[in-house]
Amino acid sequence: MVDKVRGLLVGRMQPIHDGHMDVIRRILDEVDEMVIGIGSAQLSHTLKDPFTAGERTMMISKALTENGITPNKYYITPIQDVTRNSLWVAQVKMLTPPFEMIYSGNPLVQRLFIEAGYKVTTPPLFNREVYSGTEVRNRMLKDDDWKSLLPSSVVDVIEEINGIDRIKHISKKEI
Ligand code: NAD
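Before going into details, it helps to say that this report is about the structure given with it. (Residues numbered from 1 in each chain as written. Predicted model: local features only at pLDDT ≥ 70, side-chain atom pairs only at ≥ 80, totals over all residues. Heavy atoms only, no water.)

1. Focus: the overall build of the protein
What the protein contains, in helices and strands, is seven helices and five strands. What you see in the protein, going N to C, is helices and strands ordered as β-α-β-α-β-α-β-α-β-α-α-α. Relative to a compact globule of 175 residues, whose C-alpha radius of gyration would be 16 Å, the protein shows 16 Å and is just as compact. Across its three principal directions, the C-alpha atoms of the protein cover 60 × 35 × 25 Å. Going through the 175 residues of the protein one by one, you find that 46% of them count as buried. As displayed, the protein offers around 9500 Å² of accessible surface, 51% of which is attributable to carbon and sulfur atoms. Charged side chains of the protein number 22 positive and 23 negative; the gap between the two group centres comes to 4 Å. (Helix = DSSP H or I, 4+ residues; strand = E, 2+ residues; numbered from the N terminus. Rg over C-alpha atoms; globule rule 2.2 N^0.38 Å. Buried < 20%, exposed > 50% of the residue type's maximum accessible area, 1.4 Å probe, protein only. Areas by Shrake-Rupley, 256 points an atom, 1.4 Å probe, with all protein chains shown as cover. Lys, Arg positive; Asp, Glu negative; His and termini not counted. Charge placed at Lys NZ, Arg CZ, Asp CG, Glu CD.)

Below is the structure:
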């Protein structure tokens, strides 16, 4: 039996957008299976991290299905942050299926995995000015067009969980 090559992508995915989908498609061209780590899994209900790990799991699996990526190609694993960066790679390894390749554009993620002896690949950025979680969340707050940046199944999840109400509510200042 030939061992499968697995690649890891860790991201907060707040929420998953078409830039993430571009990276995921590229990674799946190179590996047999993907491990998608949902970073900062403990965080939710803040402007930077509005959605829970459970909500993000739902968004990611529906976005992959919408893009024709079947569940035998990936594992989705929530990963909580740890206070000590030097221990984070061990935390990731403890929680995920075995992987050989790391894909990340995040310098801290790259550095920690390089120091742990992994080969790290930087995927090209897909129109980062527009396809970024920060841009999506800002548009949600301003009632600008956020839907065109996301797979439509992710828009459906955000509507199901009243995500826009949540973001707008927590952005209010107490008077
Ligand atoms: P993110 O959702 O912003 O990005 C995830 C990945 O997608 C990144 O590799 C990024 O380069 C890529 N990407 C995003 N937009 C793209 C686009 N338009 N085109 C192509 N690629 C694009 O998530 P992130 O902030 O990188 O997530 C890292 C996670 O790792 C965080 O949750 C962080 O807390 C965690 N972390 C934790 C520790 C610790 O706990 N000590 C240490 C390091 C990292």
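The discussion continues.
2. Description of the environment of L108
Mapped onto the elements of the fold, L108 is located in helix α4 (residues 107–115). We classify L108 as partly exposed; its relative accessible area is 43%. The sequence separation of L108 and P97 amounts to eleven residues, and the corresponding C-alpha distance is 22 Å.

3. So, the environment of L112
Turning to its location among the elements, L112 is positioned in helix α4. Its relative accessible area of 14% is what places L112 among the buried residues. Sequence spacing of L112 and V136 is 24 residues, and the spatial spacing of their C-alpha atoms is 28 Å. The contacts of L112, once residues within four sequence positions are left out, are N85, W88 and V89. (Contact = heavy atoms within 4.5 Å.)

4. Digging into the site of the ligand
For the ligand, the set of nearby residues contains 25 residues, the closest of which are S40, V82, N85, F126 and R128. Here a nitrogen atom of the ligand and a backbone polar atom of F126 are 2.7 Å apart. The fraction of the free accessible surface of the ligand (860 Å²) that becomes covered by protein chains is 90%. Within the residue set of the shell around the ligand, elements represented by two or more residues are β1 (6–11), α1 (18–30) and α4. Residue classes in the shell around the ligand are distributed as twelve nonpolar, ten polar and three charged. (Near = heavy atom within 4 Å. Polar contact = N/O pair within 3.5 Å; in protein donor to acceptor, adjacent residues only side chain to side chain. Nonpolar A, V, L, I, M, F, W, Y, C, P; charged D, E, K, R; others polar.)

5. What about the side chain of E33?
With respect to the helices and strands, E33 occurs in strand β2 (residues 33–38). What makes E33 buried here is its relative accessible area of 6%. Polar contacts involving the side chain of E33 include one to the side chain of R6, which spans 2.8 Å. When neighbours within four sequence positions are excluded, E33 is seen to be in contact with K4, V5, R6, G7, N72, K73 and Y75.

6. Things to note about unusual backbone geometry
Cis rather than trans, the peptide bond between Q14 and P15 has omega equal to -5°. Structurally, P15 is set in the loop between β1 and α1. Positive phi, normally seen in glycine, also occurs at S40, with a value near 50°. With relative accessibility at 8%, the residue S40 sits in the buried group. Positive phi outside glycine occurs at N162, with the angle close to 55°. For N162, the position within the fold is in the loop between α6 (152–160) and α7 (163–170).

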